[in-house]
Amino acid sequence: MASNENAELDAAVGSGAAFGALYEHSGVALAFFSIGGRFVRVNAAFCRLLGYAEEELLQKTHLDVVHVDDMEATAIARAQVISGKAKARMNERRYIHKDGSTVWAHAAGAVVRDAAGAPICTVLLLDDITSIKRSQRNAKRRFRRLIEMGSDWYWVQDTEFRFVAVPGIDMEHLDDTDIVIGRTRWELPGLAALPEKVWEQHRARLARHEAFSDFVFLKHNKAGELRYLSVSGEPLFDEKGGFRGYHGVGKDITERARDQKAIEDSEKRYRTLFDVNPYPMWVVDAKTLAFLEVNEAAIRLYGYSHEEFLKMSAEQIRPQEDLEDLHRAFDDPANYRARIWRHRRKSGELIAVKITSFNLDFGGRRARLGVIEDLTERLQAEERAQESERRYRELLESRERG
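Now for a quick tour of the structure. On a predicted model such as this, the values are computed, not experimentally measured, just so you know. (Residues numbered from 1 in each chain as written. Predicted model: local features only at pLDDT ≥ 70, side-chain atom pairs only at ≥ 80, totals over all residues. Heavy atoms only, no water.)

**Considering the overall build of the protein chain**
Scanning the protein chain from N- to C-terminus turns up 13 helices and 15 strands. Across the 402 residues of the protein chain, 36% fall into the buried class. The long-range fraction of contacts in the protein chain, counting pairs at least 24 apart against all pairs at least 6 apart in sequence, stands at 43%. Summed over all atoms, the accessible surface of the protein chain reaches about 23,800 Å², with 51% contributed by carbon and sulfur. (Helix = DSSP H or I, 4+ residues; strand = E, 2+ residues; numbered from the N terminus. Buried < 20%, exposed > 50% of the residue type's maximum accessible area, 1.4 Å probe, protein only. Contact = heavy atoms within 4.5 Å. Areas by Shrake-Rupley, 256 points an atom, 1.4 Å probe, with all protein chains shown as cover.)

Structure below.
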C-alpha cells in the first residue's frame, strides 16, 4: 500500500532535481499525507521541528502529532478541503514534539489532485512560531503583573502611537483629555527636558512593536509642578497578526523619585565626607576581607595607590602572627568595635593603629567601615617621656647616693 502511495506521489509532484533539492534542504517543514491522513513523506526540517526520525513519522497519522485541543478543528478543516467544500487557508495550529512540549506553527495545507480532479494526497507546510508565542505569553504575563502591582491610569494608542483613550486618568498628571487624545507621548504639552536619545530609543522600541516597562518621563502639571511619570505597555495585534497599536498603564512616581534623589544626595554627601576626612578610612568586605574602597588619607598613610589597595585584602597589611586574631574579629557580629592593631606599610615599616569599625551594607555586600588612627607618634612620644622619666629618677638616685 505504501509503495502505491509513493508511486502516486512521485507522479503527482515529479522527480526533478530542483524539487528534490528544495524538498530536502528547505528550512520550511514539509510533509505529504495519504488521503487517509498517514504520513507518506517528510523532509528534514519537519523531522527537526517535531523531534522524530523520518521512519517514526511514517508510522503515524497527522492527528498523532496534533495537539489534542486542535484535533477537531484540524480534522474538520482537512476533510472540507479534500471534499472541495472549502479552500485551503493558513491556520495557527499546535503540535506535540516527541518530548511532549508544544510546538506552535502557521500551518498551510493543499490537496494534490489527478487530471480528473480526484485527490491523490495532501501537503502540509509548517512555519515554526513557537518563540513568537512564548514572547507574547511572557509579555502578557509581565503586563498582568504590572496591572496587579497597581497603576494610576490606563491608556490606549493607535498604530501611529497616538493616544485614543486614557480612561481613569487624573488630570493632575496630564492635561485635559481632549489635549492628550490624538497626540503621541513625546508630543504632550508641558514635557520637561529629556535627552533626545532617550526618546529615540523609546520610539525605536515602539517601531519594533516590543513590550516595555517603567519608561520614565517628566511633565509639569497644571500648577507647574514637575511630576515623574512611569508608563508600561505592550503591543496589540489582531487575529491575523496585524499590528493594532499599544495599550498600557501609567503611574505617578514623583514621591518615589524624590525619595530616591534624597538617598542619592545623602550618599553623595557621605562619599564627600569619606573622601575628604583627615582620618584614614576604608571599607572591607566582611567575608573575603578584600578592600572595597579607601580614602586619600589611607593612601597617604600606607603608601599604596588606590588601585593597589583594591587588589589587596586586610590580611596583607598585618603581620602573619596577627591573622588569627583578625579573622576572629571579623567573625564577631558586634556592630561597633575599637581595637589597637599592628599594621605594615608598603615600605615594610610596622605601625600601631587604633581602628574603630562599624557594620555597613556596601553595594549589597556585607562590609565593615574602618576609621584608622595612627598611634605611632603618640606611642613614640610616650616612650620618650618614659625614657626621660627613667633617666631623671636615675639622676636623683645617683645624687642621693653621692
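**Points about helix α12 (residues 323-331)**
Every buried residue belonging to α12 is among Leu323, Leu326, Ala329 and Phe330, and all of these are buried. Summarising the axial view, the buried residues of α12 lie within an arc of 115°, below the 170-degree limit, and thus occupy one face. Exposed residues on α12 whose side chains face more than 90 degrees from its buried face are Glu324 and Asp331. Close packing links the buried residues of α12 with β11 (281-285), β13 (336-344) and β15 (365-374). (Arc of directions from axis to C-beta.)

**So, the packing of aromatic side chains**
Considering all chains together, one arrives at 19 aromatic pairs under this definition. A centroid spacing of 6.1 Å and a plane angle of 80° characterise the contact between tryptophan 155 and phenylalanine 163, whose relative ring orientation is edge-to-face. Phenylalanine 163 matches tryptophan 155 in its accessibility class, with the two residues each being buried. Considering the side-chain rings of tryptophan 282 and phenylalanine 309, the 6.3 Å spacing of their centres and the 55° angle between planes classify their relative orientation as tilted. Of this pair, tryptophan 282 sits in strand β11 while phenylalanine 309 sits in helix α11 (residues 306-309), and the two are 27 residues apart along the sequence. Residue tryptophan 282 is classed as buried on the basis of its relative accessible area of 3%. Overall, phenylalanine 309 belongs to the buried group, its relative accessible area being 0%. Every member of this aromatic cluster is reached through a ring pair, and the members are Trp155, Phe161, Phe163, Phe212, Phe237, Phe243 and Tyr246. Over the ring of tryptophan 155 we find arginine 185; its NZ or CZ atom is 4.7 Å from the centre of that ring. The ring of tryptophan 186 has arginine 203 lying over it, and the distance from NZ or CZ to the ring centre is 5.3 Å. (Phe/Tyr/Trp six-rings, centres within 6.5 Å; stacked < 30°, edge-to-face > 60°. Lys NZ or Arg CZ within 6 Å of the ring centre and 35° of its normal.)

**A look at the pattern of salt bridges**
Tallying each qualifying case throughout the model produces 19 salt bridges. The closest approach of N and O atoms between arginine 345 and glutamate 349, which form a salt bridge, is 2.8 Å. Using a relative accessible area of 34% as the deciding quantity, one classes glutamate 349 as partly exposed. (Salt bridge = Lys/Arg side-chain N within 4 Å of Asp/Glu carboxyl O.)

**So, the sheet that holds β15**
In spatial order, the strands read β12-β11-β15-β14-β13; together these five strands make up an open sheet with antiparallel pairing. Edge positions in the open sheet fall to β12 (291-294) and β13, since each of these has one partner strand only. When the angles between neighbouring strand axes are averaged without regard to direction, this sheet yields 30°. Here strand β14 (residues 350-362) pairs with β15 via ten bridges, running antiparallel. Note on β15: the bridge partner recorded for phenylalanine 362 is arginine 365. The sheet contacts of α12 involve β11, β13 and β15, and relative to β13 the element is tilted by about 155°. (Pairing = 2+ DSSP bridges. Axes fitted to C-alpha atoms, helices over the stretch in contact; angles between N-to-C directions.)

**Re the side chain of threonine 254**
Within the element layout of this structure, threonine 254 appears in helix α9 (residues 254-276). Within polar-contact distance, the side chain of threonine 254 engages the side chain of aspartate 252 at 2.6 Å. Not counting the four nearest positions on each side in its chain, threonine 254 is found in contact with Leu226, Arg227 and Tyr228. (Polar contact = N/O pair within 3.5 Å; in protein donor to acceptor, adjacent residues only side chain to side chain.)

**Regarding the pairing of strand β9 (residues 226-237)**
Most of β9 is tucked away: nine of the twelve residues are buried. The pairing of strand β8 (residues 212-220) with β9 spans seven bridges and is classified as antiparallel. The residue bridging phenylalanine 215 from the neighbouring strand is valine 231, located in β9. Connecting β8 to the next strand, β9, in antiparallel fashion are five residues, including glycine 224 with a positive phi near 85°.

**Quick look at the layout of surface pockets**
Space inside the second largest pocket adds up to approximately 400 Å³. What lines the second largest pocket is a set of 24 residues, and nearest its centre among them are Thr74, Ala77, Arg78, Gly109 and Leu124. Counting only elements with at least two residues in the lining of the second largest pocket, the list comes to α5 (71-83), β3 (91-96), β4 (102-113) and β5 (119-128). Across the lining of the second largest pocket, the residue classes break down as 14 nonpolar, six polar and four charged. (1 Å grid on protein atoms, 1.4 Å probe; cavity = no way out; pocket = protein on both sides within 12 Å on 5 of 7 lines; lining within 4 Å. Points joined across faces, edges and corners; volume = space filled by probe spheres on them. Nonpolar A, V, L, I, M, F, W, Y, C, P; charged D, E, K, R; others polar.)

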